[in-house]
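Residue strings, one per chain:
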Amino acid sequence: MRIRFLNGGSEAPWRITNSFAEKNNGTKVTMEIMATDGHDVRRGVKRNEFVLGLANRIDVLLDLRDVDDSKDILITAVQMKHSGNVTTPALRHIVIRSRKNISGESEQIDVGALPTSDKDKTSPILKDFNLSANLTAAHPLSDRTITRSFTIENRGGDQFGGFPLTIYEGLVKNGSNPVLGKLKNLYKVNTYTDLNNLKFQLPPFKVYRNRNTQETISTRRNCTNCTEGRASGFRNRPNGKLYQIVYDDSEATGNNTCCWEWCDVPEEKCKDYDLEDVNVYEPNKHYIPVCFGDRVRFLFINTASFEGSEGHPMHLHGHDFVLRELYNVESDYTLVKDTTYKYDISGPKVDTIWVPFNKAVAFDFDAYNAGEHLFHCHNDFHLENGMMTTVRYMHDEYCQEDLPEFVGGQNDFPQQICSMDGCNISS
């Protein structure tokens, strides 16, 4: 029997396990991993449990020949969380009736009596990538030279002001960070407003607009008394020539604090901002440029957090990628390579990867699907709050001549008027 597990939730991963079977009058069955995110893997890897990340799909094969056909099979999904451990995790069950039970010859699992939560255990946060390390793609990526690379850093934001993504050309080396490595920031960030503007959002959404300057701030909290009742995103207000962007909440002290996205706005100017709806689509101004035929490597660093441990499921449209490296982020934001497992180019193909807090992942993909494709957190709340950018295929002097030529037209990005019911091209 083949089953596809799909995590279509909006926030959390789940642990798929057979460990609840026997205590609920069922029987265990080993699950052989067959595919990840729709891509076949080589057979032979069998598990009693595995983690299903947010937006991931995993196909398993159940060999029913060696199980007790007088008992039902029970597979259980155990709730995990995008930040921190889960006390009394929720449980969801799959019951596969045995042949004898179907005919009424044997006792069945009482579905109504199955527990809906586990009061005896705490479900740990996801930090382990060993499933990827032990799987091999049936049709792996070829071993090619990387022709374009980017470091993408999620740092400085929070749940209320959003999670802007800072994009650098090149890769951070082991033992370094973007600043020490002197990586070129693809889009300059000199102020907190610049940082806020890195967010890319699809309409409809809301912003605060300055009625005098027309400057906009994208956030879920207003300017006046924005720190009241909040637990994150505070900074010391910038001080003239000593202005410096600070990315960490822990460094905000004293009474002269501000919410990071409002730190460029003096308190007496808060009254100049009005909340308004944005219904017109505009192209992403802070995209990641690639060329047709590239072998691309992304290094994604996750250090922005709401509860000190927040992970993000990062999803790339239009492409499949392979995990290549995993890093731990030290207190000074330098990356230290985690060598617990080896991630070969022959590893499983996926389109979404869970990036735990204070971790960084490097993954490779081939740029053979021309256009413009979203790269975003698959937590819906984070996506809507701007934790998103795009991969844009370029058609100008940016691209090297020795790459495969792409013949196609330019997209003029027609402006659209959007509502919750859909979008229409504007006149």
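See the structure shown above.
Residues numbered from 1 in each chain as written. Predicted model: local features only at pLDDT ≥ 70, side-chain atom pairs only at ≥ 80, totals over all residues. Heavy atoms only, no water.

Engineer: Help me understand the sheet that holds strand β21 (residues 295-302) in this model?
Structural biologist: The pairing of strands in a sheet happens through backbone hydrogen bonds and is either parallel or antiparallel. Taken in spatial order, the seven strands of this open sheet run β14-β13-β12-β21-β26-β23-β24, and their pairing is mixed. Unpaired on one side and paired on the other, β14 (184-185) and β24 (335-337) mark the two borders of the sheet. Here strand β12 (residues 148-154) pairs with β21 via seven bridges, running parallel. Directly across from Asn154, in β21, lies its bridge partner Asn302. (Pairing = 2+ DSSP bridges. Helix = DSSP H or I, 4+ residues; strand = E, 2+ residues; numbered from the N terminus.)

Engineer: What is the right way to read the pattern of salt bridges from this model?
Structural biologist: Side-chain pairs of opposite charge can arise where the charged atoms are in close proximity. One pass over the full model with this rule turns up 25 salt bridges. Glu169 is paired through a salt bridge with Lys184; the nearest N and O atoms lie 4.0 Å apart. Of this pair, Glu169 sits in strand β13 (residues 165-169) while Lys184 sits in strand β14, placing them 15 residues apart in sequence. Among the residues examined, Glu169 registers a relative accessible area of 29% and is labelled partly exposed. What makes Lys184 exposed here is its relative accessible area of 52%. A salt bridge links Glu325 to Arg297; the nearest nitrogen and oxygen atoms lie 3.7 Å apart. Highlighted residues: Glu325 in strand β23 (residues 322-329) and Arg297 in strand β21, separated in sequence by 28 residues. Each member of the pair, Glu325 together with Arg297, is buried. (Salt bridge = Lys/Arg side-chain N within 4 Å of Asp/Glu carboxyl O. Buried < 20%, exposed > 50% of the residue type's maximum accessible area, 1.4 Å probe, protein only.)

Engineer: When you look at the state of the cysteines in this model, what are you seeing that I'm missing?
Structural biologist: As used here, a disulfide is simply a covalent bond connecting the sulfur atoms of two cysteines. Using the criterion set out here, one finds four disulfides in the structure. Residue pairing for Cys226: its cysteine sulfur links by disulfide to Cys259, the two sulfurs lying 2.2 Å apart. Taking the torsion about the sulfur-sulfur bond, which here is approximately 120°, the covalent link between Cys226 and Cys259 counts as right-handed. Taken together, the residues span a long stretch of sequence, with Cys226 in the loop between β16 (216-217) and β17 (234-236) and Cys259 in strand β18 (residues 257-259) at a distance of 33 residues. The buried category is assigned to Cys226, whose relative accessible area is 8%. Cys259 gets classed as buried once you look at its relative accessible area, which sits at 0%. (Disulfide = S-S within 2.5 Å.)

Engineer: For this particular structure, what's the right way to read the pairing of strand β3 (residues 31-36)?
Structural biologist: Along a regular strand, successive side chains alternate from one face of the sheet to the other. Burial analysis of β3 places six of its six residues in the buried class, the great majority of the element. Across two bridges, β3 lies against strand β5 (residues 46-47) in antiparallel orientation. Bridge pairing links Met31 to Arg47 in β5. Pairing analysis gives five bridges linking β3 to strand β7 (residues 57-62), with the strands arranged antiparallel. What sits directly across from Met31, in β7, is Leu62. Taken together, the two bridges between β3 and strand β4 (residues 39-40) define a ladder with antiparallel strand orientation. Following the sheet pairing, Thr36 is matched in β4 by His39. The antiparallel hairpin formed by β3 and β4 contains two residues in its connecting segment, where Asp37 sits at a positive phi of about 50°.

Engineer: Please clarify how the nonpolar core should be interpreted in this entry.
Structural biologist: Within soluble globular proteins, side chains that are nonpolar generally end up buried alongside one another. One finds Phe150, Phe298, Phe300, Val361 and Phe375 to be the most contacted residues of the largest nonpolar core, which totals 44 residues. Discounting chain neighbours no more than four positions away, the residues touching Phe300 are Ile152, Asn154, Leu165, Met314, Val355, Lys359, Ala360, Val361, Phe375 and Met387. Core analysis: the next-biggest nonpolar cluster, separate from the first, contains 20 residues, Ile16, Val29, Val67 and Ile96 among them. (Core = buried A, V, L, I, M, F, W, Y, C linked by side-chain atoms within 4.5 Å. Contact = heavy atoms within 4.5 Å.)

Engineer: For this particular structure, what's the right way to read the environment of Pro289?
Structural biologist: Along the chain, Pro289 falls in strand β20 (residues 288-290). On the basis of relative accessible area, Pro289 is assigned to the buried category, the value being 5%. Residues Pro289 and Met394 lie 105 residues apart in sequence; the distance between their C-alpha atoms is 6.2 Å. Setting aside residues no more than four positions away along its own chain, Pro289 makes contact with Arg148, Phe150, Leu186, Arg392, Met394 and Tyr398.

Engineer: Looking at this structure, how should I read the sheet that holds β16?
Structural biologist: Strands sit in the order β16-β15-β19 across an open sheet of three strands; the sheet is antiparallel. The sheet is open, and its two borders are formed by β16 and β19 (273-278), each paired with just one other strand. Alignment of strand β15 (residues 205-210) against β16, held across two bridges, turns out to be antiparallel. Along β16, the bridge assignment pairs Tyr208 with Ile217.

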